[in-house]
Amino acid sequence: MSFRLGLTGSIGMGKSTTAQMFKDHGCALWDADAAVHRLYGKGGAAVAAMQGAFPDAIENGGVSRDRLREIIAADADALPRIERIVHPLVAQDRQDFLATATEDIVVLDIPLLFENSSETMMDAVVVVSVPPEVQRARVLARPGMTAERFDLILSRQMPDAEKRARADYVIETDTIDHARAQVASVVADIRKMLAHA
Ligand SMILES: CC(C)(COP(=O)(O)OP(=O)(O)OC[C@H]1O[C@@H](n2cnc3c(N)ncnc32)[C@H](O)[C@@H]1O)[C@@H](O)C(=O)NCCC(=O)NCCS
Ligand SMILES: Nc1ncnc2c1ncn2[C@@H]1O[C@H](COP(=O)(O)OP(=O)(O)OP(=O)(O)O)[C@@H](O)[C@H]1O
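Residues numbered from 1 in each chain as written. Chains lettered and ligands numbered in written order. Predicted model: local features only at pLDDT ≥ 70, side-chain atom pairs only at ≥ 80, totals over all residues. Heavy atoms only, no water.

- Per an unreviewed UniProt entry, the chain is named Dephospho-CoA kinase, and its organism is Roseovarius nubinhibens.
- A UniProt comment under Function (unreviewed entry) is attached to the chain, and it reads "Catalyzes the phosphorylation of the 3'-hydroxyl group of dephosphocoenzyme A to form coenzyme A."
- The heading Subcellular location (unreviewed entry) in the UniProt record of the chain holds the text "Cytoplasm". (UniProt positions renumbered as here; feature names shortened; annotations may be inferred.)

## A short note on the site of ligand 1
- Close to ligand 1 lie 18 residues, the nearest being Tyr 40, Arg 65, Arg 69, Glu 83 and His 87.
- Within the side chain of Arg 65, an N or O atom sits 2.8 Å from an oxygen atom of ligand 1.
- Counting only elements with at least two residues in the shell around ligand 1, the list comes to helix 2 (32–40), helix 4 (65–74), helix 5 (78–100) and helix 7 (147–155).
- For the shell around ligand 1, the residue count by class is ten nonpolar, two polar and six charged.
- Lining the shell around ligand 1 are residues from two domains, each supplying at least three of them: domain 1 (1–27 + 104–197) and domain 2 (40–102). (Near = heavy atom within 4 Å. Polar contact = N/O pair within 3.5 Å; in protein donor to acceptor, adjacent residues only side chain to side chain. Helix = DSSP H or I, 4+ residues; strand = E, 2+ residues; numbered from the N terminus. Nonpolar A, V, L, I, M, F, W, Y, C, P; charged D, E, K, R; others polar. Domains from an automatic or database assignment.)

## Observations regarding the site of ligand 2
- Taken together, 16 residues sit near ligand 2, with Gly 14, Lys 15, Ser 16, Thr 17 and Arg 142 positioned nearest.
- Contact distances for ligand 2 include 3.2 Å between an oxygen atom and a backbone N or O atom of Gly 12.
- Backbone polar atom of Met 13 to an oxygen atom of ligand 2: 3.4 Å apart, as the coordinates give it.
- Considering ligand 2 on its own, with 640 Å² of exposed area, one finds that the protein chains cover 73% of that surface.
- For the shell around ligand 2, the secondary structure elements donating two or more residues are helix 1 (15–24) and helix 9 (176–196).
- Take the shell around ligand 2: its biggest share by element is three residues, from helix 1. (Areas by Shrake-Rupley, 256 points an atom, 1.4 Å probe, with all protein chains shown as cover.)

## Some words on the domain arrangement of the chain
- You can read the domains of the chain as domain 1 (1–27 + 104–197) and domain 2 (40–102).
- Counting residues at the interface gives twelve residues for domain 1 and eleven residues for domain 2.
- For the pair domain 1 and domain 2, the two sides together bury roughly 810 Å², of which 61% comes from carbon and sulfur.
- Ranking the residues of domain 1 by area buried against domain 2 places Val 106, Met 121 and Arg 156 at the top, with a combined share of 39%. (Contact = heavy atoms within 4.5 Å. Buried area = accessible area lost by both parts, 1.4 Å probe.)

## Section: the environment of Met 50
- Positionally, Met 50 belongs in helix 3 (residues 47–53).
- Spatially, the C-alpha atoms of Met 50 and Thr 146 are 27 Å apart, while their sequence positions differ by 96 residues.
- The residues contacting Met 50, other than those within four sequence positions of it, are Tyr 40, Pro 55, Ile 58, Val 63, Leu 68, Ile 82, Ile 85 and Val 86.

## Topic: the packing of helix 1 against helix 9
- The N-to-C vectors of helix 1 and helix 9 enclose an angle of 50°; their axes lie 10 Å apart at closest approach. What the angle tells us is that helix 1 and helix 9 run oblique. Crossing hand, helix 1 versus helix 9: right-handed. Contacts between helix 1 and helix 9 involve Thr 17, Thr 18, Met 21, Phe 22 and Asp 24 from the former and Ile 176, Ala 179, Arg 180, Val 183, Val 186 and Val 187 from the latter.
- Residue composition of the contact of helix 1 with helix 9, grouped by class: seven nonpolar, two polar and two charged. (Axes fitted to C-alpha atoms, helices over the stretch in contact; angles between N-to-C directions. Parallel < 35°, antiparallel > 145°, perpendicular 65-115°, else oblique. Left-handed = near helix turned anticlockwise from the far one by under 90°.)

## Side note on the pairing of strand 7 (residues 169–172)
- Burial along strand 7 is one-sided: Tyr 169 and Ile 171 are buried, and none of Val 170 and Glu 172, which face the opposite way, are.
- The pairing of strand 6 (residues 124–129) with strand 7 spans four bridges and is classified as parallel. Its bridge partner being in strand 7, Val 126 is matched across the sheet by Tyr 169. (Buried < 20%, exposed > 50% of the residue type's maximum accessible area, 1.4 Å probe, protein only. Pairing = 2+ DSSP bridges.)

Now the structure itself:
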């Protein structure tokens, strides 16, 4: 069975960028956000249940994220209801991936890893992190992002300091080269451990 390495961090901390660096070392990669995109897409496994609960969210046979954002903004109960539908389907997608992976290390990129207690199924957890002002500047540079939306998303996520405290490895994503060097050392550490197991 592959070594399960959870990869998490708050919004804009560099999860996707760092995940690709692990892939460059021959690790398999499963991405929770990508799984949600598949589930919401036309014919995706979440469409029927979401149509039942939120008929207004359906557009062209898939779940519209723009509509969902409007629904969430208007109704405080909407997000937990969405999570109850989506998270079990995400978990199934993850199990299907793990069942077929043959690589020695599988990296699971999961934004809400600690919030949803997924760390219990990991052999180790990496948290990516930069100082809050760098995070804020990166996220606000994204098209369509506002300070209000950023603060709302942050308020729904576990604070960075707590994530760091729970991590087995913290990777500073201040520069690409620095992150690459830390990824190389995490991979070497795990492979050394596996060789001695
Ligand atoms: C709320 C939705 C419609 C926003 O979609 P949108 O494309 O605008 O943004 P995106 O998905 O890229 O998320 C933006 C940021 O919010 C974070 N985020 C997403 N869902 C949640 C959540 N349930 N709780 C806290 N943070 C969240 C993401 O990690 C990311 O940092 C969408 O994220 C969604 O349907 N979420 C519910 C499913 C879920 O929990 N997904 C998280 C991964 S399992
Ligand atoms: N090591 C790094 N050095 C410099 N910039 C970086 C580094 N890692 C990521 N970034 C930059 O930070 C921003 C956010 O990175 P990325 O999209 O990987 O974050 P994320 O955690 O996956 O975001 P989200 O939570 O929104 O999915 C991007 O603009 C990216 O180019």
